[in-house]
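One letter stands for each residue in the lines below.
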Amino acid sequence: MTALWTREELESATGGRLIGPARAIGGASIDTRTLQPGDLFFAIRGDARDGHDFVPDALGRGAGAAVVSASRLGDLASHGPVLAVPEAGADPVLTAMVRLGAAARARTGAQVVAVTGSVGKTGTKEALRHVLAEQGETHASAASYNNHWGVPLTLARMPRSTRYGVFEIGMNHGGEIVPLTAQVRPDIALITTIAPAHIEHFASLAAIADAKGEIFSGLQPGGVAIVNRDVPHFDRLAAHAQASRAGRVVTFGEHPDSDVRALKIVLRPDLSVIDAAVMGQPVTYKLGTAGRHAALNSLGVMAVVHSLGADLARAALSLGSLTPPAGRGERTALEIGGGTAYLVDESYNANPVAVRAALATLAGIETGPRGRRIAVLGDMLELGAAAPDLHRGLAEAIEAARIDLVFTAGPLMRHLFEALPVSRRGAVTDTAADLLEPLARNLRSGDVVMVKGSNGSRMGRIVEALKARYAVDPTRRTQAVP
């Protein structure tokens, strides 16, 4: 196996000095819980802990070497091979990781794609990973590694043989995307959509659009900017694209002027069928994930594939076998009351647009005999002063989706619960942990239960508890929903 990094490359890129006989470096990590033998462990400083405290554990678990600040070399060198990096910036180790990421970007011949957006960026990144991996060696962000440490870590992990690189870029505040896209230097940059996510930190949706538009500032000269033509602030995003070094701007959506346009979308419980025109070329394909939002984002995927010059027909075929990742629509069969119910896990984060999309998808799922559609919702966070109204406003979407029962956790979701007719109220609690038992007592065979909320509302704990208690086959939990 070809080493990810040689000793000489590590020292040259970071300006550090490797002490001791380094093992073969095959990966990179900042977390001893997921570290693999041969990983280069970066001892970065987190909000609550200093990675240097975990260096002995990392080396004991087989890390290829640990990257440490030169000031800590004395007390850590005895534990194994360490790369001592010079004091630079607020966190020297993070600075070293950024430098190593820059070296990875400089050496690669890959075509690089960057994805951002208020909703759907992780799902779109995963769809790109899925379709491109069948056409060449593809390297993509793990999970949602899209911030100031996730982006350089993903770059540092990129093998020199990569053909396609796919990077997710996120933000909570204006100006955060600029340094990240400058590191990635994408050939293609895509914005999925604009929605009131993290609006607590912005004056308006227009300000969010401006922040997302920053992704185009890092485009390679002559690169491609891909923009959702359907979003209200399209003109604003297009202006950012045109002010960048992009050679062209490609649009996608249902708008008649879209370059990649949905002509017809047929929504089914577990998949969608899309008739599209891709730069004038007719393409019909199945998408193995449900929901209109996923179908529309798949148009962005097709725009990227076309812009890369990859095989469009093969990508269309690949989308049929795409499955939703955990927390983003994964479906699990539950054994309840002598029959089967189904759990739809949408617990990875939430904002008003994403919750409405999840409710619309739930509306299209067929229940079993006597079954009900049940929404289990946790607080949507970082919405600022408008939060109570935005939660209360979901009542209309509940009615439109014909949701039978609603269970809510958190003080903000209480506004929604109280706005619902009594017939739709399940239970309301202050925390996700308190909601589990009232929910479990109300479940019956035939039900379809969808769980969603911001990460901070901890709704994923309800999902895991339901799986542990009721999953039909704990070793193979995801089942098809009829």
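Residues numbered from 1 in each chain as written. Predicted model: local features only at pLDDT ≥ 70, side-chain atom pairs only at ≥ 80, totals over all residues. Heavy atoms only, no water.

**Student:** Please explain the UniProt feature "domain: Mur ligase C-terminal" (unreviewed entry) in the chain as it appears in this structure.
**Tutor:** Here the UniProt feature "domain: Mur ligase C-terminal" (unreviewed entry) sits at residues 344-454. Along residues 344-454 the backbone is 39% helical and 22% strand, and the end-to-end C-alpha distance reaches 16 Å. (UniProt positions renumbered as here; feature names shortened; annotations may be inferred. Helix = DSSP H or I, 4+ residues; strand = E, 2+ residues; numbered from the N terminus.)

**Student:** For this particular structure, what's the right way to read the pairing of strand β11 (residues 248-253)?
**Tutor:** It is a general feature of regular strands that their side chains alternate between the two faces of the sheet. Strand direction decides the pairing type here: strand β10 (residues 224-228) and β11, joined by five bridges, are parallel. When the bridges of β11 are listed, Val 227 appears paired with Thr 251. Once the chain exits β10 it traverses helix α9 (residues 234-242) before rejoining the sheet at β11, and the crossover so formed is right-handed. Across two bridges, the pairing between β11 and strand β12 (residues 260-267) is parallel. Directly across from Gly 253, in β12, lies its bridge partner Arg 261. (Pairing = 2+ DSSP bridges. Right-handed = clockwise from strand over helix to strand, strands pointing away.)

**Student:** So what exactly am I meant to see when it comes to the environment of Thr 2 here?
**Tutor:** Along the chain, the position of Thr 2 falls in the segment before α1 (7-14). Since its relative accessible area comes to 63%, Thr 2 is described here as exposed. Sequence separation between Thr 2 and Gly 26 is 24 residues, and the spatial gap between their C-alpha atoms is 8.1 Å. (Buried < 20%, exposed > 50% of the residue type's maximum accessible area, 1.4 Å probe, protein only.)

**Student:** Would you take a moment to explain the sheet that holds strand β15 (residues 330-336) for this structure?
**Tutor:** Where strands meet in a sheet, backbone hydrogen bonds hold them as pairs that are either parallel or antiparallel. Pairing in this open sheet of six strands is mixed, and the strands run β15-β16-β20-β17-β18-β19 from one edge to the other. Each edge of the open sheet is held by one strand with a lone partner, namely β15 and β19 (425-429). Taken over all neighbouring pairs, the strand axes of this sheet differ in orientation by 15 degrees on average, direction set aside. Across the sheet, helix α16 (residues 432-442) touches β17 (373-378), β18 (405-409) and β19, and the angle it forms with β18 is around 160 degrees. Packing of helix α17 (residues 460-470) onto the sheet brings it into contact with β15, β16 (339-346), β17 and β20 (448-452), and relative to β15 it is tilted by some 45 degrees. (Axes fitted to C-alpha atoms, helices over the stretch in contact; angles between N-to-C directions. Contact = heavy atoms within 4.5 Å.)

**Student:** Can you help me understand unusual backbone geometry in this one?
**Tutor:** Both trends apply: most residues other than glycine have a negative phi, and most peptide bonds are in trans. With phi around 50 degrees, Met 279 is a residue other than glycine that occupies positive phi space. Its place among the elements puts Met 279 in the loop between β13 (272-278) and β14 (281-287). Positive phi is not limited to glycine here, since Glu 382 has a value of about 60 degrees. On the basis of relative accessibility, which here comes to 29%, the residue Glu 382 falls in the partly exposed class.

**Student:** Explain the layout of surface pockets here, please?
**Tutor:** With a probe scaled to a water molecule rolled over the atoms, the places where space remains empty come into view. Within this model, the second largest pocket holds a volume of roughly 450 Å³. What lines the second largest pocket is a set of 24 residues, among which Arg 292, His 293, Leu 296, Val 353 and Ala 357 lie closest to the centre. Those elements giving two or more residues to the lining of the second largest pocket turn out to be α10 (292-308) and α12 (352-363). Among the elements that make up the lining of the second largest pocket, the one with the highest residue count is α12 (five residues). Of the residues that constitute the lining of the second largest pocket, the class distribution is 12 nonpolar, eight polar and four charged. (1 Å grid on protein atoms, 1.4 Å probe; cavity = no way out; pocket = protein on both sides within 12 Å on 5 of 7 lines; lining within 4 Å. Points joined across faces, edges and corners; volume = space filled by probe spheres on them. Nonpolar A, V, L, I, M, F, W, Y, C, P; charged D, E, K, R; others polar.)

**Student:** How do you make sense of the packing of α10 against helix α11 (residues 312-319) when you look at a structure like this?
**Tutor:** At their nearest, the axes of α10 and α11 sit 10 Å apart, and the two run at 150 degrees to each other. It follows from the interaxial angle that α10 and α11 lie roughly antiparallel. The crossing of α10 and α11 is right-handed. Every residue of α11 that contacts α10 at Ser 298, Val 301, Met 302, Val 305 and His 306 is listed here: Leu 312, Ala 315, Ala 316 and Leu 319. Along the lines of polarity and charge, the residues of the contact of α10 with α11 split into seven nonpolar, two polar and no charged. (Parallel < 35°, antiparallel > 145°, perpendicular 65-115°, else oblique. Left-handed = near helix turned anticlockwise from the far one by under 90°.)

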